[in-house]
Amino acid sequence: MWQERKADLVATMKLRRQSLAKGWYKYSRNPLSVLGLIVLVLIGTSAGLAPYITPYPAHAGAFTNFREAGQPPSWKHLFGTDRIGRDVFTRVIFGYRFSLLLGVVVLSLGVAPGVVLGLIAGYRRGTWVEIVIMRITDVFLAVPPLVLALAITAMLTPNLLNAMFAIALLWWPWYCRLVFAVASSLRNQFFVREAELCGASRAHILFREILPNCVAPILTKMTLDMGIVILLGASLSFVGLGAQPPTPCLGTMVADGAKRLPGEWWSTIFPALAIVLVILAFNLVGDGLRDVFAVEEV
Amino acid sequence: MKARLLSVAVMLTGVTLGLMGAVENVAVINGFPVITADPATASDWYDTEVMYNLYSPLVYPSPDGGVRPHLAVSWEAVGGDLTHWRFNLRQGVKFHSGNTLTAEDVAFSMTRFITMGRGNSGPLGQVTAVVVDTYTVDFVLDKPSAIFPETLALFFPVEKNLVLANIKKPGPYGDLGDYGEEWLGTHDAGTGPYMMTSHIPGQRLDATRFLDYFEGWSNEGWGPDEVPIERLVFIMETDYTTLMTLLRAGMLDLEINGGWTLPQLREIQEDNRLRLSFCWAQNVTVWMNSKVPPTDDEHFRKAILYAFDYESILGPWAEFGNGETGIILPNMPGYVPIEPQPRKQDLERARQELALSKYAANLRDVKVTFHFCGGLDFEEEVGLQLQADMAQLGVRVEVAGPPWPQYSASCSAPETTPNLTIFLFAPQAFPPHDYYLYSMFSASGLGWIFSAHWYFEDPEIAHLLDETRAEPDPGRRMDIYRQLQPLIAAHSLAFYPYQKPTLFAHQAYIVGPKESIAFVGPSENMHNWRINLKLKQELRG
Amino acid sequence: MAKFIGQRLAQSLFVLFGLSLLIFFIARVVPGDPARAALGFLATQDQVEKMRAEMHLDKPFVVQYYYWFTGLLRGDLGKSSYTHRPVTTDLGQFIPATLELILFATLISLTVGQVTGVLAGYFRNSWFDGLSRLISYLGIATPSFVVAILLIFVFSQLLRLAPSVGRLPIMVAPPPTVTGFMVLDALIAGRVEVALVALKHLLLPAVSLALIHIAQEGRITRTSIVENLDKDYITMHKVHGIRTSRLVFKYLLRPSIIPTVAVIGLDFAFLMSNAFLVELVFMWPGFARYAVTTMLNKDLNAMVAVVLVIGVTFAMVNLLVDILITFLDPTIRIQRRGG
């Protein structure tokens, strides 16, 4: 018995490994996606190791040196210094930390409720449950996320946590809709019907039968959304509603430096390019995943 | 193409060209968004600047800190209790409509001002206006005030019949509808040196010279080529890169907000076609909330006072007039320097004070919150400087910049006010000494952001402050103001990083202001400026 | 068809009602003192209390909503505490400027997007296709406010090719307002020079907004062209020797119109929200800048109105697009008729 199960397990593992290898083969055929992945890994590692690899880690915190303010790029300060005399390169790397943190927190807060509600609504299509859930979803999707995010954060004390909270609050409806579409198309499939006939619990049907079929589109969407969420976070901090000083925040840095264009261009152009790079990387990886999973529309 | 466009522009705006034939007699002035041009609702200093051009106040600020006759030629307290004031009006003052100003207009304007209860009317309290005869008006106050005549430097009479003819009904004031508020937003009913010709709120205000202005347009004291400015164009631009381009191209004549960056100021200084003038400064004030820990401890507050690196924050700004300031501004009469002297960081002293405070044992657990108005770089810089300074003493300072409404709302009660809050106080209420002292340190002052230190316990200070409003003699009042400053400073309720001069940047051919007063409004009254068209022709023709 | 439109309208109304509740809730439950904001600096506590009562801020949420809703039915959205004017007046002043910007941006993204899409599709896998792919990736990954800042830096500040602030130069008096569109109004007033200057002012902000959509529409058109290029009927036409231009315009472009129209609705909403930051950067005196400013100033009435206006526009554009697609695509038309 035990032997049998072990063999079973090994077989599954082998299958998984094979499909993983197949997936990677598919993924690696697109050089742009591979490039995106490399950039992403680079950004991730440097952000993670920021205190050890940046030249002036103190410049990310409580630090002023007005005498060194507004220095152009040099070997000493690769991206120059800002109006407080802080190293822009250091702050860009630290800025990635907060951008990535924002993306991860928002998606982990927003995806779970969206998925659960979407599953329920999809499975119970045609009942009042679906109507209530999906109409509330409609209300949240009735205006672009930036508009509501601005409205909410403008009302709260501006800080990173509230910005995350506001964006997360707006993010579940997208996943709700996505999962709803998949779930409602699956609910009449044989394997769902079969499980129902066997007397499986509703939770089992939702989470063990239907959910696995939604994983691919969810994952793909999450990767693509990372870029969008980071963009949204940057937009909020651009108008001063994100993390507070001296926290290095890419959007804030762009807004701050923009007032000093064209003279001190380095304090805005480099953070701006940094934002573009990270979003681009997430998009490329997301596209790659889309090809691997053969997901049509997310 | 460019030249053609410009000529088209000039043609279209329908201006008569100046005497020189080629250059135009106009001043393009950049002020902040003028939100309301109605004297009853105008409140911010941007509004006041426009008020002084379109309207005339009842009394006019003078350089010694007091007021002098203007629309009113004389005034006196009737009876001994300072609640009843009689004002005699100047005769023959013409409104822009050509009608003559009478006591009817003044009484109507005061009733309107008080009834609407907005703008600068707060400090006046409840005032009842009574017409005595054509040129005499009585004001009866709800509580005695020795400084009542001075407060009227921000009271601008409107023409009664013109306003009544343009009332919009229905409105919140019954038969009086909206009291003419909407109409006055885009029209004027004043007696000032300039007449509004058009106003697009938030974008642009055009005005033209009022030839019958009651003070006349004498050239006495001005150079031979310096003539009155015929036309004013107030633009409302906040991007200083654009403003710099306009200024250098000679398309902007005067900038009165002074939001320049350092490199820009240097550029202006080096350009011999441009000038910088300094009339009034703003007081950068950091309140220390005396009601929440750890700033409830006087020694802790003193430690902050001495820990702050005053020299570092000034940096290269010192050469543009940023420098030491106290409870009132250094260029105001009666200024008394306060601690720390000399104005520099003294970490040793700060450590001593910290050791005396009740938080000495557990500094690690102490957190000081510093809030600034989101978007204001120089305020943020003060916070970051203090953060770095206090870190050296092992004290954590948390800096945050919420948007203005939130920021100011948090200052409505002691418990919600952060430890440290930074504000920029321009001399914008009159009399300015009363504004910086009584309004900020008396329990019955303006409250809110004006006294976010929340300390009113010292009976001596309270008594002297009340004295200032009961003392009719300006000289003796000034003495009390002098006496008050060190007393207040002793409690360390605020630290003053520096004064921030509002530098007017202007073309060399725009000459002024003739009379420089440490108060917002009169210095920007364009009756106080002239244009040298010959020089303009030479420099820009 | 009428039934379909009716259904969609009812649905939209319901969503808008929900949206108004949501935004009203967001605006009212949080701390802050809008009454103080409305009064200005030197207001006394008494005056603030009076104002609070006037603004119904002392009443429960439901009562406040009732006042607001009955006002809405009368066409009264309340007074803005920021501009001291009725919100409807403000909207009337600011919306045309944004509409002009968005329409111009749409025009740019449609034409440029179509042209690059067709070229990239027709010459697929050429260097042009690669380049357009690269640019489209960049276009999608660059936030519009970053595009705006980069454009200002390069084209306005370094090259001095186009202005970066406002709708007209300061010394040019605006033409009398007829449509609210600066270019049109200038033409109506017969001032061609002014129209040209206004157009120049439109250029950079519109391109900032359009870039991301150029990228998207280009890709959609390309995909559609590539799909159809392989179809038998095209090969047939090719064999028959039909001119390339005719081939492209008559047979290849048409199928791509449907997906293009479909994304326009979504685009419009995103243009509006991207305009939020772009107008801020370009000091464009429009609706979006008004929206951000009033939100940051806790101007409750303006904020609620602004969000609703966006909701209404979004709903209307989507409805319009649905109807249009029904007309354009015979398969959907038949489906709807049947169902």
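Residues numbered from 1 in each chain as written. Chains lettered and ligands numbered in written order. Predicted model: local features only at pLDDT ≥ 70, side-chain atom pairs only at ≥ 80, totals over all residues.

A.B. asks: Quick question: what am I supposed to make of the overall build of chain B here?
C.D. replies: From N to C terminus, chain B includes 18 helices and 20 strands. Expected size for 541 residues packed as a compact globule is a radius of gyration near 24 Å; at 24 Å, chain B falls within 12% of this value. A principal-axis box enclosing the C-alpha atoms of chain B has dimensions of 75 × 65 × 45 Å. In chain B, 71% of the contacts between residues at least 6 apart in sequence involve partners at least 24 apart. (Helix = DSSP H or I, 4+ residues; strand = E, 2+ residues; numbered from the N terminus. Rg over C-alpha atoms; globule rule 2.2 N^0.38 Å. Contact = placed C-beta atoms within 7 Å.)

A.B. asks: Help me out: how do you make sense of the overall build of chain A in this one?
C.D. replies: Counting its secondary structure elements, chain A contains 11 helices and zero strands. The order of helices and strands in chain A, counted from the N terminus, is α-α-α-α-α-α-α-α-α-α-α. Along the three orthogonal principal directions, the C-alpha set of chain A runs to about 75 × 45 × 30 Å. Residue burial in chain A is summarised as follows: out of 298 residues, 53% are buried. (Buried ≥ 20, exposed ≤ 12 C-beta atoms within 10 Å, placed from the backbone.)

A.B. asks: Would you take a moment to explain the sheet that holds strand β19 (residues 510–511) of chain B for this structure?
C.D. replies: Two pairing modes exist for strands in a sheet, parallel and antiparallel, and in both the strands are linked by backbone hydrogen bonds. Residue and element names in this part refer to chain B. Across the sheet, three strands lie side by side as β10-β20-β19; this open sheet has antiparallel pairing. Strands with a single pairing partner mark the edges of an open sheet, and in this sheet they are β10 (226–227) and β19. Alignment of β10 against strand β20 (residues 530–532), held across two bridges, turns out to be antiparallel. Its bridge partner being in β20, Glu-226 is matched across the sheet by Asn-532. Its contacts with the sheet put helix α18 (residues 533–540) on β10 and β20, and the angle it makes with β20 is roughly 50°. (Pairing = 2+ DSSP bridges. Axes fitted to C-alpha atoms, helices over the stretch in contact; angles between N-to-C directions.)

A.B. asks: Sorry, what's going on with the domain arrangement of chain B here?
C.D. replies: Reports of interface size often rely on the accessible area that becomes lost once the parts have come together. Residues and elements named next belong to chain B. Here the domain parsing of chain B yields domain 1 (23–50 + 174–279 + 503–540), domain 2 (56–164) and domain 3 (281–500). Between domain 1 and domain 3, the C-alpha centre-to-centre distance is 32 Å. Taken together, the contacts link nine residues of domain 1 with 12 residues of domain 3. Mapped onto the side of domain 1 that touches domain 3, the elements with two or more residues apiece are α2 (45–54) and α8 (262–270). In the side of domain 1 that touches domain 3, the residues fall into eight nonpolar, one polar and no charged. (Domains from an automatic or database assignment. Nonpolar A, V, L, I, M, F, W, Y, C, P; charged D, E, K, R; others polar.)

A.B. asks: Explanation requested: the interface of chain B and chain C in the structure shown.
C.D. replies: The interface of chain B with chain C comprises 36 residues on the first partner and 29 residues on the second. Breaking the side of chain B that touches chain C down by element, the ones donating at least two residues are α1 (2–12), α7 (240–248) and α13 (404–409) of chain B. Ranked by residue count, the leading element in the side of chain B that touches chain C is α13 of chain B, at five residues. Class assignment for the residues of the side of chain B that touches chain C results in 17 nonpolar, 16 polar and three charged.

A.B. asks: Would you mind going over the interface of chain C and chain A with me for this structure?
C.D. replies: Listed per partner, the contact involves 40 residues of chain C and 34 residues of chain A. Counting only elements with at least two residues in the side of chain C that touches chain A, the list comes to α1 (2–29), α6 (127–141), α7 (144–158), α11 (244–282), α12 (287–296) and α13 (300–328) of chain C. With nine residues, α1 of chain C is the single largest residue contributor to the side of chain C that touches chain A. A per-class count over the side of chain C that touches chain A returns 35 nonpolar, five polar and no charged.

A.B. asks: Which parts of the structure should I look at to understand the environment of Thr-295 of chain B?
C.D. replies: All names here are of chain B. One can find Thr-295 in the loop between β13 (274–288) and α9 (298–307). On a C-alpha basis, the gap between Thr-295 and Glu-150 in space is 36 Å, while along the polypeptide they are 145 residues apart. Setting aside residues up to four positions removed in sequence, Thr-295 forms contacts with Met-288, Asn-289, Ser-290, Phe-300, Arg-301, Val-368 and Asn-419.

A.B. asks: Mind showing me how you'd approach the nonpolar core here?
C.D. replies: What tends to happen in soluble globular proteins is that the nonpolar side chains get buried as a cluster. Ranked by size, the top nonpolar core spans 342 residues in total, and within it Ala-151 and Ile-167 of chain A carry the most contacts. Counting residues per element, this core draws most heavily on helix α4 (residues 88–123) of chain A, which supplies 17 residues. Non-local contacts of Ala-151 of chain A, meaning those with residues more than four positions away in its chain, are made with Ile-23, Ile-26, Met-295, Met-303 and Val-307 of chain C. Judged by nonpolar contacts, the second largest core, of five residues, contains Leu-39, Ala-43, Val-48 and Met-51 of chain C. (Core = buried A, V, L, I, M, F, W, Y, C linked by C-beta atoms within 7 Å.)

A.B. asks: Is there a simple way to think about the packing of helix α9 (residues 202–238) of chain A against helix α11 (residues 266–293) of chain A in this case?
C.D. replies: Helix-helix packing: each pair is described by the crossing angle between the helix axes and the interaxial distance. Residues and elements named next belong to chain A. Two numbers describe how α9 lies on α11: the axes approach to 8 Å, and their chain directions differ by 170°. The angle between α9 and α11 falls in the class roughly antiparallel. For the element pair α9 and α11, the recorded crossing hand is left-handed. Residue-level inspection shows Ala-216, Leu-219, Thr-220, Thr-223, Leu-224, Met-226, Gly-227, Ile-230, Leu-231 and Ala-234 of α9 in contact with α11, the latter providing Ile-275, Val-278, Ile-279, Phe-282, Asn-283, Val-285, Gly-286, Leu-289, Arg-290 and Phe-293. When its residues are assigned to classes, the contact of α9 with α11 shows 14 nonpolar, five polar and one charged. (Parallel < 35°, antiparallel > 145°, perpendicular 65-115°, else oblique. Left-handed = near helix turned anticlockwise from the far one by under 90°.)

A.B. asks: I keep staring at the pairing of strand β9 (residues 204–209) of chain B and nothing clicks. Help me out?
C.D. replies: The side chains of a regular strand alternate between both faces of the sheet. Residues and elements named next belong to chain B. Pairing between strand β8 (residues 194–200) and β9: six bridges, direction antiparallel. When the sheet's bridge partners are listed, His-199 is paired in β9 with Leu-205. Here β8 hands over to β9 after three residues, with Gly-202 in that stretch at a positive phi of 80°. As paired elements, β9 and strand β11 (residues 231–235) share five bridges and run antiparallel to each other. Residue pairing in the sheet places Thr-208 in a bridge with Arg-231 of β11.

A.B. asks: What is the right way to read the sheet that holds strand β7 (residues 136–141) of chain B from this model?
C.D. replies: Residues and elements named next belong to chain B. With respect to topology, four strands assemble into an open sheet ordered β4-β5-β7-β6, the strand pairing being antiparallel. Of all strands in the sheet, those with a lone pairing partner are β4 (72–77) and β6 (127–133), marking the two edges. If you compare each strand with its neighbour and ignore which way they point, the axes differ by 20° on average. Inspection of the sheet shows β4 paired to strand β5 (residues 84–89) by five bridges, in the antiparallel sense. For Ser-74, the partnering residue across the bridge sits in β5 and is Asn-88.

A.B. asks: Got a minute to help me understand the packing of helix α8 (residues 190–197) of chain A against α9 of chain A in this structure?
C.D. replies: All names here are of chain A. Put simply, α8 and α9 touch, their axes get as near as 10 Å, and they point 155° apart. Between α8 and α9, the interaxial angle falls into the category roughly antiparallel. Remark: the crossing between α8 and α9 carries right-handed chirality. Across the interface between the two elements, Phe-191, Val-192, Ala-195 and Glu-196 from α8 touch His-204, Ile-205, Glu-209 and Ile-210 from α9. Looking at side-chain class alone, the contact of α8 with α9 contains five nonpolar, one polar and two charged residues.

A.B. asks: Is there a simple way to think about unusual backbone geometry in this case?
C.D. replies: Both trends apply: most residues other than glycine have a negative phi, and most peptide bonds are in trans. Residue and element names in this part refer to chain B. The linkage connecting Pro-293 with the following residue, Pro-294, adopts the cis geometry, with an omega of 0°. Here Gln-341 and Pro-342 are connected by a cis peptide whose omega angle stands at -10°. Within the secondary structure layout, Pro-342 lies in the loop between α10 (310–314) and α11 (347–356). Phi at Trp-454 is positive, roughly 60°, even though this residue is not glycine. When you line up the elements, Trp-454 lands in the loop between α15 (438–441) and α16 (459–470). Residue classification places Trp-454 among the buried residues on the basis of 22 C-beta atoms within 10 Å. We note that Ser-492 has phi near 50°; this positive angle belongs to a residue other than glycine.

A.B. asks: Quick question: what am I supposed to make of the environment of Trp-266 of chain A here?
C.D. replies: All names here are of chain A. In this structure, Trp-266 sits in helix α11. Residues Trp-266 and Ile-228, spaced 38 residues apart in sequence, show a C-alpha to C-alpha distance of 25 Å. Discounting chain neighbours no more than four positions away, the residues touching Trp-266 are Pro-72, Pro-73, Phe-79, Gly-80 and Val-88.

A.B. asks: Got a minute to help me understand α7 of chain C in this structure?
C.D. replies: Three- or four-residue spacings in an α-helix give side chains the same orientation, since the helix completes a turn every 3.6 residues. Residues and elements named next belong to chain C. If you check α7, its first and last C-alpha atoms are 20 Å apart, about what 15 residues at 1.5 Å a residue would give, namely 21 Å. At Ile-152, α7 is bent by approximately 30°, the largest bend along its length. Every buried residue of α7 is listed here: Ser-144, Phe-145, Val-146, Val-147, Ala-148, Ile-149, Leu-151, Ile-152 and Ser-156. One or two residues past the end of α7 sits Arg-160, with phi positive at roughly 55°. (Expected span 1.5 Å × (residues − 1). Bend = angle between axes of the 7 residues up to and from the residue.)

A.B. asks: Explain the environment of Thr-325 of chain B to me, please; I cannot follow it from the model alone.
C.D. replies: Residues and elements named next belong to chain B. As for its position among the elements, Thr-325 is in the loop between α10 and α11. Under the C-beta neighbour-count criterion, Thr-325 is labelled buried, with 24 such atoms within 10 Å. Separated by 43 residues in sequence, Thr-325 and Gln-282 have C-alpha atoms that sit 9.5 Å apart. With residues up to four places along the chain from it excluded, the contact list for Thr-325 reads Asn-283, Pro-330, Tyr-496, Tyr-498 and Gln-499.

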